[in-house]
Amino acid sequence: MKKCVFEGSCTAVVTPFSASGIDYPLLRAQIDYQANGGTQAIVVAGTTGENPTLEQAEFELLTERSIEFAAKRMKVIVGIGGNNTLHCLDKARFAAYSGADAVLMSTPYYNKTTQRGLLRHFLTVADGAEIPLILYNVPSRTGIGISAETYRCLSEHPNISGTKEASGDFSLIARIMSECGNALHIWSGNDDQTIPIMALGGKGVISVASNVVPHAIASLCDRCFRGDFAAARRIHAANSELFRLLFIETNPIPIKAAMQLCGLDSGQLRLPLVEISDENRQKLLHALKNAGLLPC
């Protein structure tokens, strides 16, 4: 049985960009907020962290500073997803050298490959870097998904720890759990699907919403682990509108807006992402009030 990198809630943290680069004091404050909120792990330089816009030097310093700021209070997982396999491998090796606990690697986008290509893509990194690898299946963003057969083959590699499942395909998830067992841990990749995935045996969630409600997401996972799904459903119901509206525009546009509305400075977005529309900001404001995060 493979060791699980983390159990419970993991926050895919935003990258607080400024006009001159990355605001590291702000990053420290965000990581402290997560630690104080009961979060078990963080992902840095992931999709929510706008990783395609990071220069290599920024990626490296962001990785080092995040590990420093987390100070062993939470596991640190580094996003290395991309469509250049050797670049992904270089990032994985840097994350391992820096002391990260794991890396998160999505399927390649744009230059879409076959399932055989996915196997070689992931196995090249798993073979070449001594660090646990978490797969990321998000076909809505990358245009390609991981099949059950490919999952089964990948689960046999000792460095491949698990997967962040954001396909929304519960038949696939149930089959993965049946065929891979404890050789491949599964985390929800969507806040609104955490309860059903954990009911199937998932280990928690890699969350966007926990940037603003870390304690709620940590509590929801804890209730699921305890088998108190009625309490978990109440937490979900209180935040369900927020879960939905955090994807009213491309992630991380809405979560950065929500953080700012709640007084949690999230820094700037980087092009090609732009600020949320006024109409959607008002919808998000309403959801935050309904969730009790802002006064009505």
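Here, the structure is the one placed above.
On a predicted model such as this, the values are computed, not experimentally measured, just so you know. (Residues numbered from 1 in each chain as written. Predicted model: local features only at pLDDT ≥ 70, side-chain atom pairs only at ≥ 80, totals over all residues. Heavy atoms only, no water.)

## A short note on the nonpolar core
Nonpolar side chains tend to gather and get buried jointly when the protein is soluble and globular.
Now for step 1: Counting 49 residues, the largest nonpolar core has Val78, Ile80, Val103 and Leu135 as its most contacted members.
Now for step 2: What isoleucine 80 contacts, discounting residues up to four positions off in sequence, is Phe59, Cys88, Lys91, Ala92, Val103, Leu104, Met105 and Val125.
Now for step 3: In this structure, Met198, Ile235, Leu245 and Ile276 belong to the second largest nonpolar core, which totals 33 residues. (Core = buried A, V, L, I, M, F, W, Y, C linked by side-chain atoms within 4.5 Å. Buried < 20%, exposed > 50% of the residue type's maximum accessible area, 1.4 Å probe, protein only. Contact = heavy atoms within 4.5 Å.)

## Some thoughts on the environment of lysine 289
Now for step 1: By the element assignment, lysine 289 lies in helix α12 (residues 278-290).
Now for step 2: Here the alpha-carbon distance between lysine 289 and cysteine 262, two residues 27 residues apart in the chain, equals 9.9 Å. (Helix = DSSP H or I, 4+ residues; strand = E, 2+ residues; numbered from the N terminus.)

## Section: the pattern of salt bridges
Now for step 1: For the structure on display, the rule yields 10 salt bridges.
Now for step 2: Between glutamate 179 and arginine 152 there is a salt bridge; the shortest N-O distance is 2.5 Å. Highlighted residues: glutamate 179 in helix α7 (residues 170-180) and arginine 152 in helix α6 (residues 148-155), separated in sequence by 27 residues.
Now for step 3: With relative accessibility at 34%, the residue glutamate 179 sits in the partly exposed group.
Now for step 4: Judged by relative accessible area, which is 32%, arginine 152 ranks as partly exposed.
Now for step 5: Residues glutamate 179 and arginine 175 are paired through a salt bridge, measuring 2.7 Å at the closest nitrogen-oxygen approach. Of this pair, glutamate 179 and arginine 175 both sit in helix α7, 4 residues apart, which is roughly one turn of that helix.
Now for step 6: Here arginine 175 falls in the partly exposed class, since its relative accessible area comes to 36%.
Now for step 7: Connected through salt bridges with shared partners, the residues Glu149, Arg152, Arg175 and Glu179 form a single ionic network. (Salt bridge = Lys/Arg side-chain N within 4 Å of Asp/Glu carboxyl O.)

## Thoughts on helix α9 (residues 214-226)
Now for step 1: The end-to-end C-alpha distance of α9, which contains 13 residues, comes to 18 Å, matching closely the 18 Å that a straight helix rising 1.5 Å per residue would cover.
Now for step 2: Among all positions of α9, only Pro214, Ala216, Ile217, Ala218, Ser219, Leu220, Cys221 and Cys224 are buried.
Now for step 3: Each element contacted by the buried residues of α9 is listed here: β1 (8-12), α1 (24-36), α8 (194-200), β10 (204-207) and α10 (229-245).
Now for step 4: One or two positions beyond α9, positive phi appears at glycine 227, with a value near 80°. (Expected span 1.5 Å × (residues − 1).)

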